[in-house]
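Geometric and topological summary
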Amino acid sequence: MIDQIIDYNKTFVAQKGYEKYLTSKYPDKKLAVLSCMDTRLTELLPAALGLKNGDAKIIKNAGGLVISPFDSALRSLVVAIYELGVEEVMVVAHSNCGACHMSYDHFRHEMVARGVTEETLSTINKCGIDLTQWLEGFKDTPASVRKTVATIKTHPLVPKDIVVRGFIIDSETGQLEEINTAEL
């Protein structure tokens, strides 16, 4: 598959397919969107939000989560705020998310079946990485959005004037539902 992608890329560049995507590194709408990496959202999310190339920084991970105050999602948001002029953040989870069913027990079984040893897993846990927490999903999508929004809003490196709001997008229709985070 990667070889096919490389071949396609050569044609794309030769035909100047990139020209319609040219923009600066600064998001025109001063917006960052933290969302899930789900393939259903690849084109649906920006289309449903009315975003075109250059409008926003889109940060994706499994579940659209901030799982710790110093994870890569929060790092990306801090960079977007201070280096790229982001003033507003949308946390956008989605319906029928696979992260709702994630569990370390499942991953552990799969990892061991593919050659990761129990000793390796034990060593990682002894080094201070709680794999149970790191690979755990969530059961309640609105609660997950509230938690991520709260983590961003209360982070000591995120300025208080940054607007942070949470949503769930329907992964079929693109309809947004805002999650009440007023009490945060």
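This text gives an overview of the structure that appears in the document. Note that this is a predicted model, so its numbers are computed, not measured. All residue numbers refer to position in the chain's written sequence, counted from 1. Owing to the predicted nature of the model, reporting of local features is limited to residues with pLDDT of at least 70; listing and counting of side-chain atom pairs is limited to 80 or more, with chain, interface and lining totals taken over all residues. For side-chain calculations, the full set of non-hydrogen atoms in the structure is used, while hydrogens and water are omitted.

A word on the side chain of Asp 55. Strands here mean DSSP runs of E at least two residues long; helices mean DSSP runs of H or I at least four residues long; both are numbered from the N terminus. You can see Asp 55 is positioned in the loop between helix H2 (41-49) and strand S2 (56-61). Asp 55 gets classed as buried once you look at its relative accessible area, which sits at 3%. Residue contacts are counted whenever heavy atoms from the two residues lie within 4.5 Å of one another. With residues near it in sequence (within four places) discarded, Asp 55 still touches Pro 27, Asp 28, Lys 29, Lys 30, Leu 31 and Gly 50. Classification of residues uses two cut-offs on accessible area relative to the type maximum, computed with a 1.4 Å probe and protein chains only: under 20% is buried, over 50% is exposed, and between them is partly exposed.

Here we take up the pattern of salt bridges. Pairing is possible between side chains of opposite charge, provided their charged atoms come close. Whenever Lys or Arg places a side-chain nitrogen within 4 Å of a carboxyl oxygen from Asp or Glu, that contact is recorded as a salt bridge. With the rule as written, the count across this model stands at five salt bridges. Residue Asp 38 is joined to Arg 40 by a salt bridge in which the shortest nitrogen-to-oxygen separation is 2.7 Å. We classify Asp 38 as buried; its relative accessible area is 15%. Since its relative accessible area comes to 35%, Arg 40 is described here as partly exposed.

Pairs of cysteine sulfur atoms within 2.5 Å are identified as disulfides in what follows. Within the structure shown, the criterion is met by zero disulfides. Sulfur of Cys 36: no disulfide; nearest cysteine sulfur belongs to Cys 97 and is 4.0 Å away. The structure places no disulfide on Cys 100, whose sulfur is separated from the nearest cysteine sulfur, that of Cys 97, by 5.3 Å.

Here the focus is the pairing of strand S4 (residues 163-169). Along S4, five of the seven residues are buried, which leaves the element largely enclosed by surrounding structure. The pairing criterion for strands is at least two bridges between them, as found by DSSP. In this structure, strand S3 (residues 88-94) lies alongside S4, joined through seven bridges in parallel fashion. Paired with Val 92 across the two strands is Phe 167, which belongs to S4. Of the strand pairs in this sheet, S4 and strand S5 (residues 176-179) are connected by four bridges, and their pairing is antiparallel.

In this section: the nonpolar core. Generally speaking, a soluble globular protein has its nonpolar side chains buried in company with each other. Buried Ala, Val, Leu, Ile, Met, Phe, Trp, Tyr and Cys residues that are joined via side-chain atoms within 4.5 Å together make up what is termed a nonpolar core. By size, the foremost hydrophobic cluster in this structure holds 22 residues, and its most contacted members are Val 89 and Ile 152. Those elements that place two or more of their residues in this core are strand S1 (31-36), helix H3 (72-84), S3, helix H7 (141-153) and S4. The greatest single-element share of this core, amounting to six residues, is contributed by H3. Ignoring anything within four residues of it in the chain, the contact list for Val 89 reads Leu 31, Ala 32, Leu 77, Ile 152, Ile 162, Val 163, Val 164 and Arg 165. Ranked by size, the runner-up nonpolar core spans 18 residues in total, among them Leu 41, Leu 51, Met 102 and Phe 167.

The next subject is the sheet that holds S5. Sheet architecture is open: five strands sit in the order S2-S1-S3-S4-S5, paired in mixed fashion. In this open sheet, the two edge strands, each paired with only one partner strand, are S2 and S5. Going across the sheet, the axis of each strand differs from the next one's by a mean of 25 degrees, ignoring polarity. Here S1 pairs with S3 via five bridges, running parallel. What sits directly across from Leu 31, in S3, is Glu 88. Taken strand by strand, H3 contacts S1, S2 and S3, and its axis lies near 170 degrees from that of S2. Set on the sheet, H7 makes contact with S1, S3, S4 and S5; between it and S4 the angle comes to about 160 degrees. Convention adopted: a line fitted to C-alpha atoms gives each axis, helices being fitted over their contacting stretch, and angles between N-to-C directions are expressed from 0 to 180 degrees.

The residue Lys 16 is not glycine, and still its phi comes out positive at about 55 degrees. Note on placement: Lys 16 falls in the loop between helix H1 (2-14) and S1. For Lys 16, a relative accessible area of 45% corresponds to the partly exposed category. We note that Lys 30 has phi near 55 degrees; this positive angle belongs to a residue other than glycine. Position of Lys 30 among the secondary structure elements: in the loop between H1 and S1.

On their own, these measurements won't tell you what the molecule is for.
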